[in-house]
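Single-letter residue listing:
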2 protein chains.
Amino acid sequence: MDKALALVKGEVKRLFTDFLEKKGQRRTPERYAILDEIYSKKSHFDVDTLFIQMKNRNYQVSRATVYNTLDLLLESGLVIKHQFGQNLAQFEQAFGYKQHDHMICNVCGKVTEFCDPRISQTEIMMGELLNFEIQHHSLNLFGNPKVDENGICLNCDNVVST
Amino acid sequence: MDKALALVKGEVKRLFTDFLEKKGQRRTPERYAILDEIYSKKSHFDVDTLFIQMKNRNYQVSRATVYNTLDLLLESGLVIKHQFGQNLAQFEQAFGYKQHDHMICNVCGKVTEFCDPRISQTEIMMGELLNFEIQHHSLNLFGNPKVDENGICLNCDNVVST
DNA sequence: GTAACTGCAAACACTTTGCAAAGGA
DNA sequence: TCCTTTGCAAAGTGTTTGCAGTTAC
(Lines give C-alpha, C1' and ligand atoms only; values in the text may rest on other atoms or scores of the structure.)
Protein backbone atom coordinates (compact mmCIF):
# COMPACT_ATOMS: atom_id res chain seq x y z
CA MET A 1 0.00 0.00 0.00
CA ASP A 2 1.55 3.28 -1.06
CA LYS A 3 1.95 6.27 1.21
CA ALA A 4 -0.66 8.52 -0.37
CA LEU A 5 -3.29 5.82 -0.07
CA ALA A 6 -2.36 5.20 3.56
CA LEU A 7 -2.71 8.92 4.24
CA VAL A 8 -6.12 9.11 2.61
CA LYS A 9 -7.31 6.05 4.47
CA GLY A 10 -6.16 7.51 7.75
CA GLU A 11 -7.85 10.82 7.16
CA VAL A 12 -11.06 9.20 5.97
CA LYS A 13 -11.12 6.98 9.02
CA ARG A 14 -10.75 10.02 11.27
CA LEU A 15 -13.57 11.81 9.50
CA PHE A 16 -15.81 8.79 9.80
CA THR A 17 -14.99 8.43 13.49
CA ASP A 18 -15.88 12.08 14.08
CA PHE A 19 -19.11 11.59 12.21
CA LEU A 20 -20.09 8.49 14.15
CA GLU A 21 -19.28 10.18 17.43
CA LYS A 22 -21.35 13.24 16.59
CA LYS A 23 -24.26 11.05 15.60
CA GLY A 24 -23.88 8.90 18.68
CA GLN A 25 -23.33 5.85 16.52
CA ARG A 26 -21.07 2.99 17.46
CA ARG A 27 -17.65 2.49 15.92
CA THR A 28 -17.95 -1.12 14.91
CA PRO A 29 -15.23 -3.09 13.13
CA GLU A 30 -17.67 -3.89 10.31
CA ARG A 31 -18.16 -0.22 9.53
CA TYR A 32 -14.46 0.47 9.40
CA ALA A 33 -13.84 -2.63 7.33
CA ILE A 34 -16.38 -1.47 4.78
CA LEU A 35 -14.91 2.03 4.68
CA ASP A 36 -11.44 0.58 4.24
CA GLU A 37 -12.55 -1.71 1.45
CA ILE A 38 -14.19 1.16 -0.39
CA TYR A 39 -11.07 3.30 -0.19
CA SER A 40 -8.79 0.44 -1.21
CA LYS A 41 -9.46 0.87 -4.87
CA LYS A 42 -10.36 3.83 -7.01
CA SER A 43 -13.43 3.20 -9.02
CA HIS A 44 -17.15 2.98 -9.05
CA PHE A 45 -18.73 -0.02 -7.41
CA ASP A 46 -22.11 -1.45 -6.57
CA VAL A 47 -23.31 -3.04 -3.33
CA ASP A 48 -22.94 -6.60 -4.48
CA THR A 49 -19.44 -6.13 -5.83
CA LEU A 50 -18.38 -4.66 -2.53
CA PHE A 51 -20.08 -7.45 -0.62
CA ILE A 52 -18.42 -10.19 -2.66
CA GLN A 53 -15.06 -8.42 -2.54
CA MET A 54 -15.19 -8.51 1.23
CA LYS A 55 -16.26 -12.13 1.25
CA ASN A 56 -13.26 -12.93 -0.96
CA ARG A 57 -10.98 -11.27 1.54
CA ASN A 58 -12.57 -13.48 4.16
CA TYR A 59 -14.14 -10.54 5.90
CA GLN A 60 -17.63 -11.65 6.84
CA VAL A 61 -20.31 -8.96 6.70
CA SER A 62 -23.96 -9.24 5.84
CA ARG A 63 -25.55 -7.34 2.99
CA ALA A 64 -27.76 -5.55 5.47
CA THR A 65 -24.70 -4.15 7.20
CA VAL A 66 -23.21 -3.06 3.91
CA TYR A 67 -26.40 -1.16 3.11
CA ASN A 68 -26.60 0.31 6.57
CA THR A 69 -22.97 1.44 6.50
CA LEU A 70 -23.29 2.91 3.03
CA ASP A 71 -26.13 5.05 4.34
CA LEU A 72 -23.87 6.37 7.06
CA LEU A 73 -21.06 6.98 4.60
CA LEU A 74 -23.41 8.82 2.30
CA GLU A 75 -24.66 10.94 5.15
CA SER A 76 -21.13 11.70 6.25
CA GLY A 77 -20.25 12.71 2.71
CA LEU A 78 -17.45 10.17 2.37
CA VAL A 79 -19.20 8.28 -0.37
CA ILE A 80 -21.33 9.43 -3.29
CA LYS A 81 -24.20 7.49 -4.79
CA HIS A 82 -25.09 7.38 -8.48
CA GLN A 83 -27.92 5.89 -10.43
CA PHE A 84 -26.58 5.41 -13.93
CA GLY A 85 -28.58 2.49 -15.18
CA GLN A 86 -31.88 1.00 -14.30
CA ASN A 87 -31.69 -0.66 -10.94
CA LEU A 88 -28.13 -0.87 -9.84
CA ALA A 89 -26.98 1.93 -7.62
CA GLN A 90 -23.31 2.73 -8.03
CA PHE A 91 -21.09 4.36 -5.44
CA GLU A 92 -17.74 6.04 -5.35
CA GLN A 93 -15.30 7.59 -2.91
CA ALA A 94 -15.93 11.25 -2.24
CA PHE A 95 -12.84 12.25 -0.30
CA GLY A 96 -9.98 13.77 -2.23
CA TYR A 97 -11.97 14.09 -5.40
CA LYS A 98 -13.06 17.26 -7.02
CA GLN A 99 -16.56 17.58 -8.41
CA HIS A 100 -16.83 15.67 -11.63
CA ASP A 101 -19.38 14.21 -13.99
CA HIS A 102 -19.73 10.96 -15.86
CA MET A 103 -19.56 9.63 -19.35
CA ILE A 104 -21.23 6.22 -19.64
CA CYS A 105 -20.40 3.93 -22.53
CA ASN A 106 -23.52 2.59 -24.25
CA VAL A 107 -21.66 -0.54 -25.28
CA CYS A 108 -19.85 -1.75 -22.17
CA GLY A 109 -21.30 0.46 -19.44
CA LYS A 110 -17.88 1.69 -18.42
CA VAL A 111 -17.91 4.97 -16.53
CA THR A 112 -15.38 7.71 -17.26
CA GLU A 113 -15.10 10.87 -15.23
CA PHE A 114 -14.75 14.35 -16.59
CA CYS A 115 -14.96 17.89 -15.41
CA ASP A 116 -16.47 20.99 -16.95
CA PRO A 117 -16.68 24.19 -14.94
CA ARG A 118 -19.53 25.46 -17.08
CA ILE A 119 -21.87 23.12 -15.23
CA SER A 120 -21.50 25.08 -12.03
CA GLN A 121 -22.43 28.21 -13.93
CA THR A 122 -25.59 26.48 -15.07
CA GLU A 123 -26.23 25.47 -11.47
CA ILE A 124 -25.94 29.03 -10.23
CA MET A 125 -28.04 30.52 -12.98
CA MET A 126 -30.83 27.97 -12.73
CA GLY A 127 -30.88 28.20 -8.96
CA GLU A 128 -31.53 31.93 -9.30
CA LEU A 129 -34.06 31.50 -12.04
CA LEU A 130 -36.07 28.70 -10.48
CA ASN A 131 -35.82 29.76 -6.83
CA PHE A 132 -33.77 26.86 -5.60
CA GLU A 133 -30.70 26.52 -3.51
CA ILE A 134 -28.87 23.86 -5.50
CA GLN A 135 -27.38 21.14 -3.35
CA HIS A 136 -25.83 19.00 -6.01
CA HIS A 137 -26.19 17.92 -9.59
CA SER A 138 -25.68 14.88 -11.72
CA LEU A 139 -24.69 15.10 -15.35
CA ASN A 140 -24.33 11.92 -17.33
CA LEU A 141 -23.39 11.69 -20.96
CA PHE A 142 -24.26 8.52 -22.83
CA GLY A 143 -22.63 7.62 -26.08
CA ASN A 144 -21.00 5.13 -28.37
CA PRO A 145 -17.25 4.81 -28.29
CA LYS A 146 -15.22 5.72 -31.32
CA VAL A 147 -13.43 2.75 -32.79
CA ASP A 148 -10.28 2.39 -34.88
CA GLU A 149 -10.18 0.83 -38.35
CA ASN A 150 -10.22 -2.67 -36.82
CA GLY A 151 -13.31 -2.02 -34.74
CA ILE A 152 -11.32 -1.81 -31.52
CA CYS A 153 -12.81 0.59 -29.02
CA LEU A 154 -10.47 3.52 -28.38
CA ASN A 155 -11.51 3.50 -24.75
CA CYS A 156 -11.83 -0.04 -23.50
CA ASP A 157 -9.80 -1.90 -26.16
CA ASN A 158 -12.61 -4.35 -26.75
CA VAL A 159 -13.89 -5.22 -30.15
CA VAL A 160 -17.06 -3.29 -30.79
CA SER A 161 -19.52 -3.99 -33.55
CA THR A 162 -21.04 -0.61 -34.32
CA MET B 1 -59.73 18.76 -25.82
CA ASP B 2 -58.16 21.80 -27.43
CA LYS B 3 -57.07 21.93 -31.05
CA ALA B 4 -53.32 21.94 -30.47
CA LEU B 5 -53.57 18.85 -28.32
CA ALA B 6 -55.70 17.10 -30.92
CA LEU B 7 -53.10 17.92 -33.55
CA VAL B 8 -50.25 16.59 -31.45
CA LYS B 9 -52.16 13.42 -30.65
CA GLY B 10 -52.90 12.85 -34.31
CA GLU B 11 -49.32 13.33 -35.36
CA VAL B 12 -48.01 11.17 -32.58
CA LYS B 13 -50.42 8.42 -33.49
CA ARG B 14 -49.24 8.55 -37.08
CA LEU B 15 -45.62 8.34 -36.02
CA PHE B 16 -46.34 5.40 -33.77
CA THR B 17 -48.24 3.63 -36.54
CA ASP B 18 -45.31 4.11 -38.92
CA PHE B 19 -42.96 2.79 -36.30
CA LEU B 20 -45.05 -0.29 -35.58
CA GLU B 21 -45.43 -1.01 -39.26
CA LYS B 22 -41.69 -0.74 -39.88
CA LYS B 23 -41.00 -3.06 -36.99
CA GLY B 24 -43.66 -5.51 -38.06
CA GLN B 25 -45.50 -5.02 -34.80
CA ARG B 26 -49.23 -5.14 -34.43
CA ARG B 27 -51.34 -2.04 -34.00
CA THR B 28 -53.33 -3.09 -30.98
CA PRO B 29 -55.94 -0.94 -29.27
CA GLU B 30 -54.05 -1.24 -25.98
CA ARG B 31 -50.95 0.33 -27.46
CA TYR B 32 -52.85 3.27 -28.88
CA ALA B 33 -54.79 3.70 -25.66
CA ILE B 34 -51.55 3.93 -23.71
CA LEU B 35 -50.05 6.39 -26.16
CA ASP B 36 -53.18 8.49 -25.98
CA GLU B 37 -53.21 8.48 -22.22
CA ILE B 38 -49.58 9.59 -22.09
CA TYR B 39 -50.21 12.47 -24.45
CA SER B 40 -53.36 13.54 -22.65
CA LYS B 41 -51.52 15.42 -19.96
CA LYS B 42 -48.24 17.24 -19.92
CA SER B 43 -46.04 16.06 -17.13
CA HIS B 44 -43.74 13.39 -15.91
CA PHE B 45 -45.29 10.14 -14.86
CA ASP B 46 -44.33 6.71 -13.61
CA VAL B 47 -45.63 3.32 -14.73
CA ASP B 48 -47.98 2.85 -11.83
CA THR B 49 -49.54 6.28 -12.13
CA LEU B 50 -50.21 5.64 -15.78
CA PHE B 51 -51.62 2.21 -15.02
CA ILE B 52 -53.99 3.50 -12.34
CA GLN B 53 -55.01 6.46 -14.47
CA MET B 54 -56.12 4.08 -17.19
CA LYS B 55 -57.94 1.90 -14.71
CA ASN B 56 -59.79 4.99 -13.47
CA ARG B 57 -60.88 5.73 -17.00
CA ASN B 58 -62.16 2.18 -17.14
CA TYR B 59 -59.62 1.21 -19.73
CA GLN B 60 -58.39 -2.23 -18.77
CA VAL B 61 -54.73 -2.93 -19.48
CA SER B 62 -52.27 -5.05 -17.59
CA ARG B 63 -49.08 -3.71 -16.15
CA ALA B 64 -47.13 -6.03 -18.45
CA THR B 65 -48.68 -4.37 -21.47
CA VAL B 66 -47.90 -0.94 -20.11
CA TYR B 67 -44.26 -1.93 -19.72
CA ASN B 68 -44.16 -3.55 -23.11
CA THR B 69 -45.72 -0.54 -24.80
CA LEU B 70 -43.45 1.90 -23.02
CA ASP B 71 -40.50 0.00 -24.45
CA LEU B 72 -41.89 0.46 -27.92
CA LEU B 73 -42.57 4.13 -27.29
CA LEU B 74 -39.04 4.60 -26.02
CA GLU B 75 -37.63 2.86 -29.04
CA SER B 76 -39.75 4.96 -31.34
CA GLY B 77 -38.56 8.09 -29.58
CA LEU B 78 -42.04 9.23 -28.63
CA VAL B 79 -41.36 8.90 -24.93
CA ILE B 80 -38.28 9.61 -22.83
CA LYS B 81 -37.29 7.74 -19.71
CA HIS B 82 -35.67 9.28 -16.66
CA GLN B 83 -34.25 7.88 -13.46
CA PHE B 84 -34.43 10.75 -11.01
CA GLY B 85 -34.77 9.01 -7.69
CA GLN B 86 -33.88 5.64 -6.46
CA ASN B 87 -36.11 3.05 -7.96
CA LEU B 88 -38.96 4.69 -9.75
CA ALA B 89 -38.46 5.29 -13.43
CA GLN B 90 -40.19 8.40 -14.70
CA PHE B 91 -41.30 9.04 -18.25
CA GLU B 92 -42.35 12.01 -20.31
CA GLN B 93 -43.63 12.86 -23.76
CA ALA B 94 -40.90 13.47 -26.28
CA PHE B 95 -42.80 14.85 -29.25
CA GLY B 96 -43.02 18.60 -29.57
CA TYR B 97 -40.51 19.22 -26.84
CA LYS B 98 -37.10 20.67 -27.22
CA GLN B 99 -34.18 19.21 -25.32
CA HIS B 100 -34.36 20.19 -21.70
CA ASP B 101 -33.01 19.23 -18.33
CA HIS B 102 -34.49 18.82 -14.89
CA MET B 103 -34.49 20.49 -11.53
CA ILE B 104 -35.72 18.14 -8.81
CA CYS B 105 -36.99 19.53 -5.52
CA ASN B 106 -35.40 17.82 -2.53
CA VAL B 107 -38.49 18.49 -0.45
CA CYS B 108 -41.43 17.46 -2.58
CA GLY B 109 -39.76 15.69 -5.50
CA LYS B 110 -41.42 17.99 -8.01
CA VAL B 111 -39.66 18.12 -11.36
CA THR B 112 -39.17 21.41 -13.20
CA GLU B 113 -37.74 21.65 -16.67
CA PHE B 114 -35.12 24.07 -17.82
CA CYS B 115 -32.86 24.62 -20.76
CA ASP B 116 -29.24 25.71 -21.00
CA PRO B 117 -27.47 25.61 -24.34
CA ARG B 118 -24.10 25.37 -22.65
CA ILE B 119 -24.78 21.72 -21.95
CA SER B 120 -24.60 20.84 -25.61
CA GLN B 121 -21.22 22.56 -25.77
CA THR B 122 -20.05 20.33 -22.94
CA GLU B 123 -21.42 17.35 -24.85
CA ILE B 124 -19.48 18.22 -27.96
CA MET B 125 -16.26 18.97 -26.16
CA MET B 126 -16.32 15.87 -24.00
CA GLY B 127 -17.23 13.67 -26.94
CA GLU B 128 -14.08 14.90 -28.69
CA LEU B 129 -11.94 14.59 -25.62
CA LEU B 130 -13.09 11.13 -24.52
CA ASN B 131 -13.56 9.57 -27.95
CA PHE B 132 -17.28 9.14 -27.78
CA GLU B 133 -20.13 9.90 -30.06
CA ILE B 134 -22.60 11.33 -27.55
CA GLN B 135 -26.12 10.02 -28.01
CA HIS B 136 -27.85 11.84 -25.21
CA HIS B 137 -27.32 13.28 -21.78
CA SER B 138 -29.13 13.72 -18.54
CA LEU B 139 -28.54 16.66 -16.27
CA ASN B 140 -30.41 16.84 -13.01
CA LEU B 141 -30.09 19.57 -10.42
CA PHE B 142 -31.19 18.79 -6.89
CA GLY B 143 -31.90 21.51 -4.39
CA ASN B 144 -33.99 23.02 -1.69
CA PRO B 145 -36.67 25.49 -2.67
CA LYS B 146 -36.42 29.07 -1.54
CA VAL B 147 -39.21 30.02 0.82
CA ASP B 148 -40.85 33.32 1.67
CA GLU B 149 -40.94 34.83 5.16
CA ASN B 150 -43.81 32.51 6.12
CA GLY B 151 -41.99 29.36 5.09
CA ILE B 152 -44.11 28.97 1.99
CA CYS B 153 -42.24 27.37 -0.89
CA LEU B 154 -41.91 29.80 -3.80
CA ASN B 155 -42.36 26.93 -6.22
CA CYS B 156 -45.01 24.56 -4.93
CA ASP B 157 -46.79 26.83 -2.43
CA ASN B 158 -46.50 24.24 0.30
CA VAL B 159 -45.24 25.00 3.76
CA VAL B 160 -41.64 23.90 3.99
CA SER B 161 -39.69 23.49 7.19
CA THR B 162 -36.13 24.26 6.16
C1' DG C 1 -55.52 -19.72 -39.58
C1' DT C 2 -51.60 -18.45 -37.14
C1' DA C 3 -48.10 -15.97 -35.07
C1' DA C 4 -47.91 -12.02 -32.09
C1' DC C 5 -50.01 -9.78 -28.18
C1' DT C 6 -52.48 -9.62 -23.84
C1' DG C 7 -53.50 -10.56 -18.96
C1' DC C 8 -52.37 -12.82 -15.08
C1' DA C 9 -49.49 -14.48 -11.73
C1' DA C 10 -45.26 -16.06 -10.60
C1' DA C 11 -40.36 -14.99 -10.86
C1' DC C 12 -36.65 -11.57 -10.48
C1' DA C 13 -33.22 -8.29 -8.70
C1' DC C 14 -32.11 -4.96 -5.62
C1' DT C 15 -33.12 -3.08 -1.20
C1' DT C 16 -35.30 -2.78 3.41
C1' DT C 17 -37.06 -4.70 7.61
C1' DG C 18 -37.95 -7.71 11.83
C1' DC C 19 -36.01 -10.23 15.25
C1' DA C 20 -32.86 -12.88 18.04
C1' DA C 21 -28.06 -12.99 19.17
C1' DA C 22 -23.68 -10.46 19.70
C1' DG C 23 -20.88 -6.91 21.44
C1' DG C 24 -19.54 -1.72 22.08
C1' DA C 25 -19.85 1.79 25.76
C1' DT D 1 -25.44 -4.22 32.03
C1' DC D 2 -27.92 -2.08 28.39
C1' DC D 3 -29.02 -0.71 24.17
C1' DT D 4 -27.15 -0.38 19.47
C1' DT D 5 -25.66 -3.11 15.74
C1' DT D 6 -25.20 -7.38 13.37
C1' DG D 7 -26.62 -11.45 10.60
C1' DC D 8 -30.00 -13.90 8.68
C1' DA D 9 -34.03 -14.60 6.35
C1' DA D 10 -38.28 -12.89 5.15
C1' DA D 11 -40.83 -9.04 3.17
C1' DG D 12 -41.03 -5.07 -0.13
C1' DT D 13 -40.89 -2.72 -4.46
C1' DG D 14 -40.46 -1.96 -9.23
C1' DT D 15 -39.87 -4.67 -13.32
C1' DT D 16 -39.65 -8.88 -16.27
C1' DT D 17 -41.08 -13.38 -17.74
C1' DG D 18 -43.82 -17.71 -18.88
C1' DC D 19 -47.82 -19.34 -20.46
C1' DA D 20 -52.61 -20.00 -21.81
C1' DG D 21 -55.99 -17.62 -24.09
C1' DT D 22 -57.07 -13.88 -27.41
C1' DT D 23 -56.77 -11.23 -31.51
C1' DA D 24 -54.75 -8.50 -35.45
C1' DC D 25 -53.65 -9.44 -39.93
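What counts, and at which threshold
Residues numbered from 1 in each chain as written. Chains lettered and ligands numbered in written order. Predicted model: local features only at pLDDT ≥ 70, side-chain atom pairs only at ≥ 80, totals over all residues. Heavy atoms only, no water. Contact = heavy atoms within 4.5 Å. Buried area = accessible area lost by both parts, 1.4 Å probe. Salt bridge = Lys/Arg side-chain N within 4 Å of Asp/Glu carboxyl O. Polar contact = N/O pair within 3.5 Å; in protein donor to acceptor, adjacent residues only side chain to side chain. Nonpolar A, V, L, I, M, F, W, Y, C, P; charged D, E, K, R; others polar. Pairing = 2+ DSSP bridges. Helix = DSSP H or I, 4+ residues; strand = E, 2+ residues; numbered from the N terminus. Near = heavy atom within 4 Å.

Remarks on the interface of chain A and chain B
Each side of the interface is counted separately: chain A has 40 residues, and chain B has 40 residues. Together chain A and chain B conceal approximately 3,600 Å² of surface at their shared face, both sides included; 58% is due to carbon and sulfur atoms. Counting the contacts that link chain A with chain B gives two salt bridges. Where glutamate 128 of chain B meets lysine 146 of chain A, a salt bridge forms, and the shortest distance between an N and an O atom there is 4.0 Å. For the pair chain A and chain B, the number of links is 14 residue pairs in polar contact (both at pLDDT 80 or more). Class assignment for the residues of the side of chain A that touches chain B results in 16 nonpolar, 17 polar and seven charged. Judged from the 13 bridges that link them, strand 6 (residues 132-145) of chain A and strand 6 (residues 132-145) of chain B form a sheet pairing that is antiparallel. When the sheet's bridge partners are listed, glycine 143 of chain A is paired in strand 6 of chain B with isoleucine 134 of chain B.

Notes on the protein's contact with DNA strand D
Lining the immediate surroundings of DNA strand D are 20 residues, of which Gln25, Arg26, Thr65 and Asn68 of chain A together with Tyr67 of chain B lie closest. At the protein interface, 76% of the atoms of DNA strand D within 4 Å belong to sugar or phosphate. The side chain of threonine 65 of chain A places a nitrogen or oxygen atom 2.5 Å from a phosphate oxygen of DNA strand D. Between a base oxygen of DNA strand D and a side-chain N or O atom of arginine 26 of chain B, the distance comes to 3.0 Å. Looking at the surface near DNA strand D, the element that brings in the most residues is helix 4 (residues 63-76) of chain A, giving three residues. Of the residues assigned to the surface near DNA strand D, the class counts are eight nonpolar, seven polar and five charged.

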